[in-house]
Amino acid sequence: MGTEYEGVVAAINDVVEGPIPPRVEQVDNLFGPGLMHIEIQEIVDTMGPPPWSKLLIEDERNRGTLIASAPGQGNHAHWHSDFDEWWFVMAGKLKWELTGGKIIHAQKGDIVWIPRGTVHHIVTEGDEMSMRFAVAMPPAVHVWQEECENCDVTWEKRSPSD
Ligand SMILES: [Zn+2]
């Protein structure tokens, strides 16, 4: 194990010493986190019309959230100080409006990766619901913005939080 990762490894309390069968605790919600197999169509059927989001994967190093939104709907613009975030677009079309006027248009099947420090305002484009699987690193602190530099959407002031 390289020394450059010592700080990260020290943050993991639960280390397995050899191969074992899957340790799966009783999951008290329908879709996880904690499930080994998550069927996306079941989630879509259960959650209904967008907007919605569902935390599916969570451990010391991963926080994976499925997010659905309707055309024109977007997130609250924000940035992260200590991790890069990435998304897998699972349905529809989305636009990432970023610091410095950079715009990314992505569609089903695409992956978008945004480095730490870059503000991201993510809006569904086209005429169908979008779904994206967002992968962040806990505690995934969000630094919220009050406006988007690429469009005229504004938000109430909000303290950093996850
Ligand atoms: Zn983010």
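In what follows, the structure referred to is the one given above.
Small disclaimer: the values here were computed from a predicted structure and weren't measured.

Q: Explain the overall build of the protein chain residue by residue, including any values.
A: Helix and strand counts for the protein chain come out as 2 helices and 10 strands. Going from N to C terminus, the protein chain has its helices and strands arranged as α-α-β-β-β-β-β-β-β-β-β-β. Principal-axis analysis of the C-alpha atoms gives the protein chain an extent of 55 × 40 × 30 Å. Looking at the protein chain residue by residue over its 162 residues, the buried ones come to 18%. Taking the contacts inside the protein chain whose residues are at least 6 apart along the sequence as the reference set, 60% of them involve residues at least 24 apart.

Q: Go over helix α2 (residues 40-47) with me, naming the residues and quoting the values.
A: Helical periodicity: at 3.6 residues per turn, an α-helix aligns residues three or four positions apart in one direction. Buried residues are scarce in α2, accounting for 0 of its 8 residues. Looking one or two places after α2, you find G48, whose phi comes out positive at around 80°.

Q: So what about the sheet that holds strand β9 (residues 130-136)? Which residues, and what values?
A: If you walk across this open sheet you meet the 5 strands as β1-β2-β9-β4-β7, and the pairing is antiparallel. Strands with a single pairing partner mark the edges of an open sheet, and in this sheet they are β1 (52-58) and β7 (111-114). Taken pair by pair, the neighbouring strands of this sheet meet at an average axis angle of 20°, ignoring direction. Running over the sheet, α2 touches β1, β2 (63-69) and β4 (85-91) and is turned about 145° from β1.

Q: Outline unusual backbone geometry, supporting the account with residue identities and numerical values.
A: Between P50 and the following residue, P51, the backbone shows a cis peptide bond with an omega angle of 10°. Within the fold, P51 resides in the loop between α2 and β1. Here the amide bond leading from P138 into P139 is cis, since omega sits at 0°, within 30 degrees of zero. As for its placement among the helices and strands, P139 is situated in the loop between β9 and β10 (143-144).

Q: Go over the pairing of β9 with me, naming the residues and quoting the values.
A: Across 7 bridges, β2 lies against β9 in antiparallel orientation. Looking at the pairing, G64 lines up with V135 of β9.

Q: An account of the nonpolar core is needed here, citing residue identities and associated values.
A: Burial of nonpolar side chains together is a common tendency in soluble globular proteins. Counting residues in each nonpolar core, the largest one holds 9 residues, listed as A77, L94, W96, L98, A106, I114, V119, I122 and V123. Contributing elements (two or more residues each) for this core: β5 (93-98) and β8 (120-125). The element best represented in this core is β5, accounting for 3 residues. Ignoring anything within four residues of it in the chain, the contact list for A77 reads V119, H120, H121, Q145 and C148.

Q: For the pairing of β1, give the residues involved together with the corresponding values.
A: Summarising the sheet, β1 and β2 pair through 6 bridges and their orientation is antiparallel. Along β2, the bridge assignment pairs K54 with L66. Hairpin connection of β1 to β2: 4 residues between the antiparallel strands.

Q: Talk me through the environment of V44; I want residue IDs and the actual numbers.
A: Take V44: it is sitting in helix α2. Given 18 C-beta atoms within 10 Å, V44 falls into the partly exposed group. In sequence terms V44 and G72 are 28 residues apart; their C-alpha atoms lie 19 Å from each other.

What counts as what
- Residues numbered from 1 in each chain as written.
- Predicted model: local features only at pLDDT ≥ 70, side-chain atom pairs only at ≥ 80, totals over all residues.
- Helix = DSSP H or I, 4+ residues; strand = E, 2+ residues; numbered from the N terminus.
- Buried ≥ 20, exposed ≤ 12 C-beta atoms within 10 Å, placed from the backbone.
- Contact = placed C-beta atoms within 7 Å.
- Pairing = 2+ DSSP bridges.
- Axes fitted to C-alpha atoms, helices over the stretch in contact; angles between N-to-C directions.
- Core = buried A, V, L, I, M, F, W, Y, C linked by C-beta atoms within 7 Å.

So yeah, pure geometry; function would need other evidence.
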